[in-house]
Amino acid sequence: MHTAWWRELWRRHAHIITPLRQHGLQCDIVFGLSSYLVHVSLPDDSYLIIGPLQEPSCERPPGDPEGWIVTRQHQDRPELFDLIYDSVPSTDPGAPERPEVRHGDSATPMIEAIDQRLTHLRLLPVPLASTESQGMSAAAQPEAPEPPAEVADSSAGYVYGNALLALTDQLNGAGSHAEAAALLHQILDPINGLLDRLGEFFEAAGEKAKEAQEDDGFDLSYDLADAACEIRNLGEVLHVAEDRMRALTAQAPVFRPTMAPARTPRPPASALPPAPRHTR
């Protein structure tokens, strides 16, 4: 998966993937009929398909189509099919244009439409936050209802894990090895890096375990102290990884034309295939 082509695909779709993952949604990139799509898993086992028009195929590069189509689908329940957003201009001269067509390839109104729809369906693991960037005031934005317990996403509320996930997204979309090295620095810095802070966390947890004045409390404190030591050892082993990353020279990915193409994207394959080859 960690090829230059895949990293470039991730970078080109980061403006879609990152805000969705910040809401606790699991995203992936898959190949559809004729171009790459974003597949978003939902808590009720349905999923979103986000991508450009598939037929006819989009000649623009991945992540930068003329417009976006978002559908909700379920492998075993076709009645759940829902067209959430479509900003692709209609090819039928007699068909009325959808209101979102005026937004074209802009991702912001599309993300807002997804947020609103999933909030209505109670499928948004991390509720909406009212922000000016979403163009809605705190008074105008509806409250996000609590998702039912049976569909609550396990990542909701894990702010530190989600923060690291956001850092991973930045690394996946890094435009250069120098940028990737700077992100590694956030983890490996011996004074303020994440590994050092994580070592301090386990040491503090060990001291807290000792307060119980029980045998198992002392045993647990030793285990946590060992974990802190191993984490610091890992930092020492990787102390030159940042410099080694910065010294690498990336090869520019080569984009290849897509194959021929249905307006509604089909369910994705389970894994990302290699980039399509030239056809004669």
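Turning our eyes to something else, we now look at the overall build of the protein. Within the protein one finds 7 helices and 5 strands. Along the chain direction, N to C, the helices and strands of the protein fall in the order α-β-β-β-β-β-α-α-α-α-α-α. The buried share among the 280 residues of the protein stands at 40%.

This paragraph deals with the pairing of strand β1 (residues 26-31). Sheet topology places β1 next to strand β2 (residues 36-41); 6 bridges connect them, and they run antiparallel. If you follow V30 over to β2, its bridge partner there is L37. Counted along the chain from β1 to the antiparallel partner β2, the turn is 4 residues long.

Contact pair helix α3 (residues 159-172) / helix α4 (residues 177-188): the axes reach a minimum separation of 9 Å and the direction vectors enclose 160 degrees. Comparing the axis directions of α3 and α4 gives the class roughly antiparallel. In this structure, α3 crosses over α4, and the sense of that crossing is left-handed. Note on element contacts: α4 touches α3 through A180, L183, Q186 and I187, opposite L164, L167, Q170 and L171. Partitioning the contact of α3 with α4 into residue classes produces 6 nonpolar, 2 polar and no charged.

Once that is clear, we can look at the environment of E97. Inspection of the secondary structure assignment puts E97 in the loop between β5 (82-86) and α2 (107-120). Once you skip the residues sitting within four places of it in the chain, E97 turns out to touch P89 and S90.

A few words now on the packing of aromatic side chains. The geometry of two aromatic rings is summed up by the distance between their centres and the angle between their planes. The final tally for this structure, using the stated rule, is 2 aromatic pairs. Ring centres of F201 and F202 lie 5.8 Å apart, and the angle between their planes is 80 degrees; on these two criteria the pair is classed as edge-to-face.

A word on a negative patch on the surface. Together, E214, D215, D216, D219, D223, D226 and E230 line one region of the surface with negative charge. Within the fold, D215 resides in helix α6 (residues 215-237). With a relative accessible area of 66%, D215 lands in the exposed category.

In a regular helix each residue adds 1.5 Å, so 17 residues correspond to 24 Å; helix α5 (residues 194-210) covers 25 Å between its end C-alpha atoms and thus fits that length. Listed in full, the buried residues belonging to α5 are L195, D196, G199, G206 and A209. Buried residues of α5, seen end-on, are gathered within an arc of 140 degrees and therefore sit on one face of the element. Seen from the buried face of α5, the exposed residues on the opposite side, beyond 90 degrees, are F201 and K208.

As a further point, take the environment of W10. Structurally, the position occupied by W10 is in helix α1 (residues 4-22). Classification of W10 by relative accessible area gives buried; the value is 3%. A C-alpha to C-alpha distance of 9.2 Å links W10 and A174, two positions 164 residues apart in sequence. The contacts of W10, once residues within four sequence positions are left out, are I17, R21, C27, I29, D169, N172 and G173.

The next thing to look at is the nonpolar core. Ranked by size, the top nonpolar core spans 28 residues in total, and within it I16, L20, V40, I50, M110, I114 and L118 carry the most contacts. If you list the elements that add at least two residues to this core, you get α1, β1, β2, β3 (47-51), β5 and α2. For L118, the residues in contact, after removing those within four places along its chain, are L25, L42, L48, L123 and L124.

Spatial ordering of the open sheet is given by β1-β2-β3-β4-β5, a layout of 5 strands whose pairing is antiparallel. Each edge of the sheet is formed by a strand with only one pairing partner; in this case those strands are β1 and β5. The mean angle between the axes of side-by-side strands here comes to 20 degrees, regardless of whether they run parallel or antiparallel. Of the pairings in the sheet, the one linking β3 to strand β4 (residues 69-73) comprises 5 bridges and is antiparallel in character. Bridged to Y47 within β4 is Q73. Where α2 meets the sheet, its contacts fall on β3, β4 and β5, and the angle it forms with β5 comes to roughly 155 degrees.

So, about the side chain of E100. By secondary structure assignment, the location of E100 is in the loop between β5 and α2. Among the polar contacts listed, one links the side chain of E100 to the backbone nitrogen of D86, at a separation of 3.0 Å. Other than its neighbours up to four places away in sequence, E100 contacts I84, Y85, D86 and S87.

What follows concerns the packing of α5 against α6. For any two helices packed against each other, the geometry comes down to the angle between their axes and how far apart the axes lie. Close contact between α5 and α6 brings their axes to 8 Å; oriented N to C, the two are set at 170 degrees. The pairing of α5 with α6 is recorded here as roughly antiparallel in orientation. Contact with α5, carried on its side by L195, D196, L198, G199, E200, F202, E203, A205, G206, A209 and K210, involves G217, F218, L220, S221, L224, A227, A228, I231, R232, L234 and G235 of α6 and no other residues of that element. Taken together, the residues that form the contact of α5 with α6 break down as 12 nonpolar, 5 polar and 5 charged.

Calculation criteria
- For every chain, the first residue of the written sequence is number 1, and numbering continues from 1 along that sequence.
- Two thresholds apply to this predicted model, a pLDDT of at least 70 for residue-level local features and 80 or more for giving and counting side-chain atom pairs, whereas whole-chain, interface and lining totals are computed over all residues.
- Excluding hydrogens and water, the side-chain values take into account all heavy atoms of the structure.
- Each helix is a run of DSSP H or I of at least 4 residues and each strand a run of E of at least 2, with the numbering of both proceeding from the N terminus.
- Whether a residue is buried, partly exposed or exposed follows from its accessible area with a 1.4 Å probe, protein chains only, as a fraction of its type maximum: under 20%, in between, or over 50%, in that order.
- Whether two strands pair depends on DSSP finding at least two bridges between them.
- For helices, the fitted line uses only the C-alpha atoms of the stretch in contact; every axis is such a line through C-alpha atoms, and the angle between N-to-C directions lies from 0 to 180 degrees.
- Here is the rule for angles: anything less than 35 degrees is roughly parallel, anything more than 145 is roughly antiparallel, 65 through 115 is roughly perpendicular, and the remaining ranges are oblique.
- Should the near helix be turned counterclockwise from the far one by less than a right angle, the crossing is left-handed, whereas a clockwise turn marks it as right-handed.
- Residue contacts are counted whenever heavy atoms from the two residues lie within 4.5 Å of one another.
- The classification used treats Ala, Val, Leu, Ile, Met, Phe, Trp, Tyr, Cys and Pro as nonpolar, Asp, Glu, Lys and Arg as charged, and all other residues, Gly among them, as polar.
- Any two rings among Phe, Tyr and Trp, with Trp reduced to its six-membered ring, count as a pair given centres within 6.5 Å; such a pair is stacked if its planes are under 30 degrees apart, edge-to-face if over 60, and tilted if neither.
- Residues form patches when they are more than 30% accessible in relative terms and have no salt bridge. Like charges link within 9 Å. Nonpolar side chains (Val, Leu, Ile, Met, Phe, Trp, Tyr) link within 5 Å.
- Using a 1.4 Å probe, accessible areas were evaluated by the Shrake-Rupley method; residue-level cover was limited to the displayed protein chains.
- Salt bridges are defined as contacts in which a side-chain nitrogen from Lys or Arg sits within 4 Å of a carboxyl oxygen from Asp or Glu.
- The charged-residue count follows a simple rule in which Lys and Arg add positive charge and Asp and Glu add negative charge, with His and chain termini not counted at all.
- The location of each charge is read from NZ of Lys, CZ of Arg, CG of Asp or CD of Glu.
- Take the residue count of a helix, subtract one, and multiply by 1.5 Å to get its expected span.
- Each direction from the helix axis to a C-beta atom contributes to the arc, which is the arc of those directions.
- The criterion is simple. A nonpolar core is a set of buried Ala, Val, Leu, Ile, Met, Phe, Trp, Tyr and Cys residues joined through side-chain atoms within 4.5 Å.
- Pairs of N or O atoms within 3.5 Å make up the polar contacts considered here, provided that, within protein, one atom can donate a hydrogen while the other can accept it, and that residues adjacent in sequence are counted only when both atoms are side-chain atoms.

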